[in-house]
Amino acid sequence: MGSMMRLCFLLYCLFSSSVSSVRKLYDIDDLKNITYAKSAPRHGLQLLFWFSQKVLNVDQNNILIIDSNFDPHRGDFGFHRYLNKEGILPSLRSWQSYYSVGNLKSPGAKALPAYVRRYYRNTNVPQRNMDRLIVSVDPNRPKRILGVFITSHNLHKNDYNPSDTYEIDYSLILQIGDPHNCTLDQNINYGTYTILRNTQDNEYDRCSQFLTEAGYSSTDCTHSHFSRKKRSPYLKCNTYEGIKLEIKATPQGYSKLTWEIPAEMIDNSKHVHIDICQNTYSSDTNEVHTQVTKQINIYESSGALDTSVPLNVGLQPRLRLYPSLFDFHFTNPYIWYGPEFDGSNGVIPTTIKGFDASLQLYAADGKACARLYIKKTFSNWKDVLDHSWIGFYKSSQDKNDDYSTYQYADRFPKTENYITHNYDIYQYDSSLAIAPGMQIRFLLDKKYNKVLAQTTPWEGVEVVTISPSDCSTPNLGLQPERLSNRPEFFYGPELDNAGLQLYTEDGKACARLYIKKVFTDWKNTFYYSWVGFYTTSQNKNDDYYTYQYVVKFEKIGYGNENYDIYQYKSKLDIAPGVQIRLMIDKSSDKASVQTEPWKSDS
């Protein structure tokens, strides 16, 4: 029995050693020195580049802070739970989870950028869908990424290859990602401001540059030119560079086709066509269950053309080149498949602040539609949000009362077309044509000043609200007290109208309110609102140590051009776990916003 126990212990140690021996990569040079996903049609490095664009910050514990709207539980970008049954990754604590992304068969993967999916659409070799990116998260704080890994499937098997698995250090994520080039007024000690996300073209070019730096090659993927004898529209491995096909929206809700094709391809072809196909579902082969709805003759190497095809999920442009009249009459050579339109223009849902819910704008039959994701644990949402409504706006510059149409949230019909384990989904189709600049907003009640969510304008530039601590080179001036991570914002419109922040001064827990100057009637709105101070985040809302009404907060003199700042100093000693919460009225039913618990090294 003793020898058996010793054998089991040795096997356990061996297993533990193998699990913990995942090599960590710290910089681009480390990427160059491994063979992982180095040639087309592999997409692992593209996944890593894309994910690095979603990281906004690294906190004091070297934890990655992800895009504020990201939620792997919702299935964003095709994320799904990974159980680590093979044991290739380190064991997690009981409350932590792994989530995997990169399976390009997944419907959610349509939201991934075209540079991630390009070879999957244009090859039929097994390597085109073998790579994955895996993150570890705390389900209660999914926007904080505990670890990042890249790995790949063993060919023709459903398990991962331990020798092709690597952990990615946060320093490499930051090196790949786009640093925040922030500027802040020298006279402003506190405040928030915005940065603009990269445009799609800029991100595409930067990804190409990153792939080159990492030693990626598209020429290693062997392919043969289409021929008369090849009846299948597929090439074994098509890696033609310089081709861009994309579906966008016209002001009338129809499909706008844009293209870039190398001039030599145009010159060497007798006929050039682009078909817009309607894929009824995402298939491996891109060949079946599609219907050609428009054929367009192409004479220029680049251009844009408005069509009469209503904008819909699954639309896909396909390029056909005919080198001779014979090929034109007797072959059907699709040479390049553009990305499938995912319905939401590649934009994930926007979090509805203060609630376990999110909002998404999408297109169906050329019309602007709204989708609500309601977490299944939020079972009484129709009672809580019975006066909430979604407004449709032709421009993000429109005032809240200048909507084109609206619908109450509790009147959205439930849909079964999109299944997630954690969310129920409700949809509403408006009669408005989807068009560039369109936006939808979630308003809490019949007033117009409580916008809890607003989507990125359709085909617009994404604007991210950040605090000075998020910048790579912040210039904050003198700070007489220590702040927690960042203000927690709740009401909008525009960006956010108010925020709550925990800080310490003279060893006491203090609260700061950021009130946007356009929010002129905030004292009426928050007349009964109060901030509670809690010794731990586990305390119930009515188990506060002390409190103060927000209208009694003292205004301070160093606000900025956008925000007035009010603060209150409590008698509670600051300590790890201390938290403040804002209650909208005299009840303690639900906190409108709450800060992260104080950390000893905050």
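Numbers given to residues run from 1 along each chain, matching the order in which its sequence is written. Where local features are concerned, this predicted model is filtered to residues with pLDDT of at least 70; where side-chain atom pairs are given and counted, the filter is 80 or more; whole-chain, interface and lining totals use all residues. Neither water nor hydrogens contribute to the side-chain values; these are computed over all heavy atoms in the structure.

### Observations regarding the overall build of the chain
We apply this condition: Helix and strand definitions follow DSSP, with helices as H or I runs of at least four residues and strands as E runs of at least two, each counted in order from the N terminus. Burial here depends on accessible area, computed with a 1.4 Å probe over protein chains only, as a share of the maximum for the residue type. Under 20% is buried, over 50% is exposed, and the range in between is partly exposed. Here a residue-residue contact requires only that any non-hydrogen atoms of the pair lie within 4.5 Å. Method for areas: the Shrake-Rupley scheme with a 1.4 Å probe, in which residue coverage is limited to the protein chains shown.
Scanning the chain from terminus to terminus reveals 10 helices and 36 strands. Considering the chain as a whole, with its 602 residues, one finds that 55% of them fall into the buried category. Partitioning the intrachain contacts of the chain with sequence separation of at least 6 by distance along the chain shows that 66% fall at a separation of at least 24. About 27800 Å² of surface is accessible on the chain, with carbon and sulfur atoms providing 48% of the total.

### Quick notes on the packing of helix 3 (residues 44-53) against helix 4 (residues 114-122)
What counts here: Whenever a helix is involved, its axis is fitted only over the stretch in contact; in every case the axis is a line through C-alpha atoms, and angles between N-to-C directions fall within 0 to 180 degrees. Between 65 and 115 degrees an angle is taken as roughly perpendicular, under 35 as roughly parallel, over 145 as roughly antiparallel, and anywhere else as oblique. Crossing handedness is defined as follows: a turn of the near helix away from the far one that is anticlockwise and smaller than a right angle gives a left-handed crossing, while the clockwise case is right-handed. Under the scheme applied here, ten amino acids are nonpolar (Ala, Val, Leu, Ile, Met, Phe, Trp, Tyr, Cys and Pro), four are charged (Asp, Glu, Lys and Arg), and all others, including Gly, are polar.
For the pair helix 3 and helix 4, the least separation of the axes is 8 Å and the interaxial angle reads 160 degrees. With respect to helix 4, the axis of helix 3 lies roughly antiparallel. In this structure, the crossing between helix 3 and helix 4 has a hand that is left-handed. Each of Q46, L47, F49 and W50 in helix 3 lies in contact with helix 4, whose residues at this interface are Y115, V116 and Y119. A per-class count over the contact of helix 3 with helix 4 returns six nonpolar, one polar and no charged.

### Let's talk about the side chain of T258
Within the secondary structure, T258 is located in strand 11 (residues 254-260). A relative accessible area of 18% means that T258 is categorised as buried. Apart from the residues within four sequence positions on either side, T258 is in contact with K244, L245, E246, K248, G303 and A304.

### Description of the pairing of strand 20 (residues 389-393)
Sheet faces and side chains relate simply in a regular strand, where the side chains alternate between the two faces. What counts here: The criterion for strand pairing is that DSSP finds at least two bridges linking the strands in question.
Extensive coverage of strand 20 is indicated by the burial of five of its five residues. The two faces of strand 20 match: W389, G391 and Y393 on one face and I390 and F392 on the other face are all buried. As paired elements, strand 20 and strand 21 (residues 405-408) share four bridges and run antiparallel to each other. Residue pairing across strands places F392 opposite T405, the latter belonging to strand 21. In this structure, strand 20 lies alongside strand 24 (residues 439-443), joined through five bridges in antiparallel fashion. Looking at the pairing, G391 lines up with R441 of strand 24.

### Examining the sheet that holds strand 21
Consider a sheet: its strands pair through backbone hydrogen bonds, and that pairing is either parallel or antiparallel. Taken in spatial order, the four strands of this open sheet run 21-20-24-25, and their pairing is antiparallel. In this open sheet, the two strands that pair with only one neighbour each are strand 21 and strand 25 (451-454). The mean inter-strand angle of the sheet, taken between neighbouring strand axes irrespective of direction, is 20 degrees.

### Brief notes about the nonpolar core
Just so we agree on the cut-off: Within this scheme, the nonpolar core is defined by two criteria: the residues are buried Ala, Val, Leu, Ile, Met, Phe, Trp, Tyr or Cys, and they are joined through side-chain atoms within 4.5 Å.
Core analysis: the biggest nonpolar cluster contains 51 residues, and L319, L372, I390 and F442 have the highest contact counts within it. Ranked by size, the runner-up nonpolar core spans 48 residues in total, among them L48, V101, A109 and V116.

### Some remarks on the sheet that holds strand 36 (residues 591-594)
Here four strands make up an open sheet; going across it, the order is 32-31-35-36 and the pairing antiparallel. Unpaired on one side and paired on the other, strand 32 (546-549) and strand 36 mark the two borders of the sheet. Each neighbouring strand pair of the sheet contributes to a mean axis angle of 25 degrees, computed without reference to strand direction. Pairing analysis gives four bridges linking strand 31 (residues 530-534) to strand 32, with the strands arranged antiparallel. Residue pairing in the sheet places G532 in a bridge with Y547 of strand 32.

### Let's talk about unusual backbone geometry
Most peptide bonds adopt trans geometry, and most residues besides glycine take a negative phi value. Put simply, A40 and P41 share a cis peptide bond, and its omega is 5 degrees. Mapping P41 onto the fold places it in the loop between helix 2 (28-32) and helix 3. Phi is positive for N84, which is not a glycine, with a value near 60 degrees. Along the chain, the position of N84 falls in the loop between strand 4 (80-82) and strand 5 (97-101). Even without being glycine, D506 reaches a positive phi, approximately 55 degrees. Along the polypeptide, D506 turns up in the loop between strand 29 (498-505) and strand 30 (508-516). By relative accessible area, which is 62% here, D506 ends up exposed.

### Overview of the pattern of salt bridges
Applicable threshold: We define a salt bridge as a side-chain nitrogen of Lys or Arg found within 4 Å of a carboxyl oxygen belonging to Asp or Glu.
Throughout the structure, instances matching the rule amount to 17 salt bridges. As a salt-bridge pair, R141 and E596 come within 3.2 Å of each other at their nearest N and O atoms. One end of the pair, R141, is in strand 7 (residues 141-152); the other, E596, is in the segment after strand 36, with 455 residues separating them in the sequence. Linked by salt bridges that have partners in common, K24, E167 and D169 make up one network.

### Here's the deal with the environment of W389
Cut-off, in case you're wondering: Pairing of N or O atoms within 3.5 Å defines a polar contact, subject to two protein rules: one partner must be a possible hydrogen donor and the other a possible acceptor, and residues neighboring in sequence count only if both atoms are side-chain atoms.
Its place among the elements puts W389 in strand 20. Note on W389: relative accessible area 5%, which makes it buried. In the structure, W389 is positioned 22 residues away from R411 in sequence and 9.2 Å away in space, judged by C-alpha atoms. Within the local environment of W389, its side chain forms a polar contact with the backbone oxygen of D445, the two atoms lying 2.7 Å apart.

### What to know about the packing of aromatic side chains
Rules: Stacked, edge-to-face and tilted labels apply to pairs of Phe, Tyr and Trp rings (six-membered ring for Trp) whose centres lie within 6.5 Å, assigned for plane angles under 30 degrees, over 60, and everything in between, in that order.
Per the counting criterion, the structure on display carries 33 aromatic pairs. Between Y322 and F328, the aromatic rings sit 5.2 Å apart at their centres with planes inclined by 85 degrees, giving edge-to-face as the arrangement. According to the relative accessible area criterion, Y322 is buried, its value standing at 2%. Relative to Y448, the ring of W389 lies with its centre 6.0 Å away and its plane at 90 degrees, an arrangement referred to as edge-to-face.

### Remarks on helix 3
Across the 10 residues that make up helix 3, a large majority, 10, are buried. Turning to helix 3, its buried residues number three or more, namely G44, L45, Q46, L47, L48, F49, W50, F51, S52 and Q53.

### Quick notes on the environment of D30
Within the element layout of this structure, D30 appears in helix 2. Sequence separation of D30 and I168 is 138 residues, and the distance between their C-alpha atoms is 10.0 Å. Ignoring anything within four residues of it in the chain, the contact list for D30 reads R23, K24 and L25. There is a polar contact of 2.8 Å between the side chain of D30 and the backbone nitrogen of Y26.

### Some words on the confidence of the model for the chain
Heads up, the condition is: Per residue, pLDDT captures the predictor's confidence, and it can take any value from 0 to 100.
Looking at the chain, pLDDT values average 82 and 80% of them are 70 or higher. Strand 20 holds the highest mean pLDDT among the elements of the chain, 98, whereas strand 9 (residues 193-196) holds the lowest, 40. Contacts from residues 461-483, a stretch scored under 50 in pLDDT, to residues over four places away or in other chains number 77 contacts. Taken together, the stretch residues 491-495 has pLDDT below 50 and engages in 27 contacts with residues farther than four places along the chain or on a different chain.

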